[in-house]
Amino acid sequence: MSELPSPGDAGLTTGALAHRLGVAPTTLRSWDRRYGIGPAVRADGRHRRWRPSDVAVLEAMCRLTSSGVPPADAARAAKGAVLRTSAAPAAAVVAGADPAGEGASTPDGPGPDGGDVRQECRGLARAAVRLDAPAVGEMLEAAVRRHGLAVAWQEVMVPTLHAVGRKWASSGDRYVEVEHLLSWQVSTALRRAPHAVVPGGREGAPGPVLLACVPGEQHSLPLEALHAGLLQLGVPARMFGAAVPVEALTAAVRRLGPVAVVLWAQTRSTASLPLARHLADTRWGVTGARRAPTVVLGGPGWAGRSAPGLPRPTGLSDALTLLAGVHGSHGPQAPHGSLGA
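Everything numeric here is computed off the predicted structure, so don't read it as measured data. (Residues numbered from 1 in each chain as written. Predicted model: local features only at pLDDT ≥ 70, side-chain atom pairs only at ≥ 80, totals over all residues. Heavy atoms only, no water.)

A. Focus on helix α13 (residues 316-328). Between its first and last C-alpha, α13 extends 18 Å over 13 residues, near the 18 Å set by a 1.5 Å rise per residue. Along α13, the residues that are buried comprise L316, A319, L320, L323, V326 and H327. What you see down the axis of α13 is that its buried residues fit within an arc of 135 degrees, all on one side. Of the exposed residues in α13, those oriented more than 90 degrees away from the buried face are T321 and G328. (Helix = DSSP H or I, 4+ residues; strand = E, 2+ residues; numbered from the N terminus. Expected span 1.5 Å × (residues − 1). Buried < 20%, exposed > 50% of the residue type's maximum accessible area, 1.4 Å probe, protein only. Arc of directions from axis to C-beta.)

B. Seen up close, the packing of helix α6 (residues 117-129) against helix α7 (residues 133-147). Interaxial distance between α6 and α7 falls to 9 Å at its minimum, and their mutual angle equals 160 degrees. Regarding the angle of α6 to α7, the classification is roughly antiparallel. Both α6 and α7 take part in a crossing whose hand is left-handed. The residues of α7 that touch α6, namely those facing V117, E120, G123, L124, A127 and A128, are A135, V136, M139, L140, A143, R146 and H147. The class makeup of the residues in the contact of α6 with α7 is nine nonpolar, two polar and two charged. (Axes fitted to C-alpha atoms, helices over the stretch in contact; angles between N-to-C directions. Parallel < 35°, antiparallel > 145°, perpendicular 65-115°, else oblique. Left-handed = near helix turned anticlockwise from the far one by under 90°. Contact = heavy atoms within 4.5 Å. Nonpolar A, V, L, I, M, F, W, Y, C, P; charged D, E, K, R; others polar.)

C. Highlighting the pattern of salt bridges. Taken as a whole and assessed by the stated rule, the structure comprises four salt bridges. Among the ionic pairs, E141 bridges to R192, the shortest N-O distance being 3.2 Å. Taken together, the positions of E141 in helix α7 and R192 in helix α9 (residues 176-192) put the pair 51 residues apart, joining distant regions of the chain. Taking relative accessible area as the criterion, E141 reaches 28% and is therefore assigned partly exposed. You can call R192 exposed: its relative accessible area is 59%. (Salt bridge = Lys/Arg side-chain N within 4 Å of Asp/Glu carboxyl O.)

D. Layout of the layout of surface pockets. Empty space within the largest pocket amounts to approximately 980 Å³. In terms of lining, the largest pocket is formed by 33 residues, of which the most central are W153, L221, P222, W264 and Q266. When residues of the lining of the largest pocket are traced back to their parent elements, those giving at least two are α8 (149-169), α9, α10 (221-232), β5 (260-264), β6 (294-298) and α13. When residues of the lining of the largest pocket are assigned to their parent elements, the largest contribution, six residues, is made by α8. Across the lining of the largest pocket, the residue classes tally to 16 nonpolar, 13 polar and four charged. (1 Å grid on protein atoms, 1.4 Å probe; cavity = no way out; pocket = protein on both sides within 12 Å on 5 of 7 lines; lining within 4 Å. Points joined across faces, edges and corners; volume = space filled by probe spheres on them.)

E. A look at the nonpolar core. Residues W153, M157, V186, V209, L226 and L230 are the most contacted members of the largest nonpolar core, which totals 49 residues. Every element with two or more residues in this core is listed here: α6, α7, α8, α9, β3 (209-213), α10, β5 and α13. Ignoring any residue separated from it by four or fewer positions in sequence, one finds V186 in contact with L140, W153, M157, L161 and L221. V244, V261, L275 and L279 belong to the second-largest nonpolar core, a separate cluster that totals 22 residues. (Core = buried A, V, L, I, M, F, W, Y, C linked by side-chain atoms within 4.5 Å.)

F. Broad picture of the pairing of β5. Across the five residues of β5, five count as buried, placing the element largely inside the fold. The alternating pattern of β5 places A260, V262 and W264 and V261 and L263 on opposite faces, both of which are buried. One ladder, built from five bridges, connects β5 with β6; its direction is parallel. Residue pairing across strands places V262 opposite V296, the latter belonging to β6. (Pairing = 2+ DSSP bridges.)

G. Quick look at the environment of R268. Among the secondary structure elements, R268 is positioned in the loop between β5 and α12 (273-280). Linking R268 and G299, residues 31 residues apart in sequence, is a C-alpha distance of 9.5 Å. Aside from chain neighbours lying at most four places away, what touches R268 is G301, A303, G304 and R305. For R268, the side chain forms a polar contact with the main-chain oxygen of A303, separated by 2.8 Å. (Polar contact = N/O pair within 3.5 Å; in protein donor to acceptor, adjacent residues only side chain to side chain.)

This is how it looks when you write it as structure tokens:
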């Protein structure tokens, strides 16, 4: 028999818990009635008060339903998982409990509707609203394994980030913490993505691809996705991140001799064509074999700008194809003229 809550530990109300989990209060009441996912103790015998152990069961329930597990199976697995003090075995329990395959799936398996990424986006957004960092991390890593990095970025990560951003913008800054948590988890998943072993710079080998946000630009996640994709292809890259000063960019180009420089600008106010052309004209090497980088413009900030000789990929896959080709075309005896000339 569960012990009664102390006066200082009355538990959460249904409304407070629903807000914390990112679900409707009616959903919690429905789960209580249908599946017995309810509080062990009720105030005055009627009003629900949710204790930490009750919340743990509901968090496991939310993770499983977000992954496409039917609610009845998810409820059984969630209660069993919390009793074992770990939600990790819950997906395996569900997988074994539904031999007919009637909608049950683990996070690592195909989606409940045969691979509709919209379901993954919805589950990921719900986990982010709950601030359930472990669940968000697991879903992101599963998406990379299932779809590959480029598709996971373009069809799962970016749409979910946009959806959370719209929710934040339309709610008076109420969900800024959700956006921050999701962005951090996406960044972590990108850094953890499997990649090829990229050898160190060999004498005469092509230089790396340099990735940098223009001065004043803080949005570096797209460059992190590109960096991860390049490493998967075995293309050496150097990531410099947000808001890199002009002097630092120029110094890095001269020191590294990159085959390409990717400049990311999220807004027109930060996109600087003079900077891009300055880097495209930055040369190094011995007389008679001087080289300059291919300068690639990334991000919506460059839209509508006329920039002959400065390629602008339309997405991650396009950028990876372009940069892999640029890197592969630069042999030891292949001087590269300035595209900005």
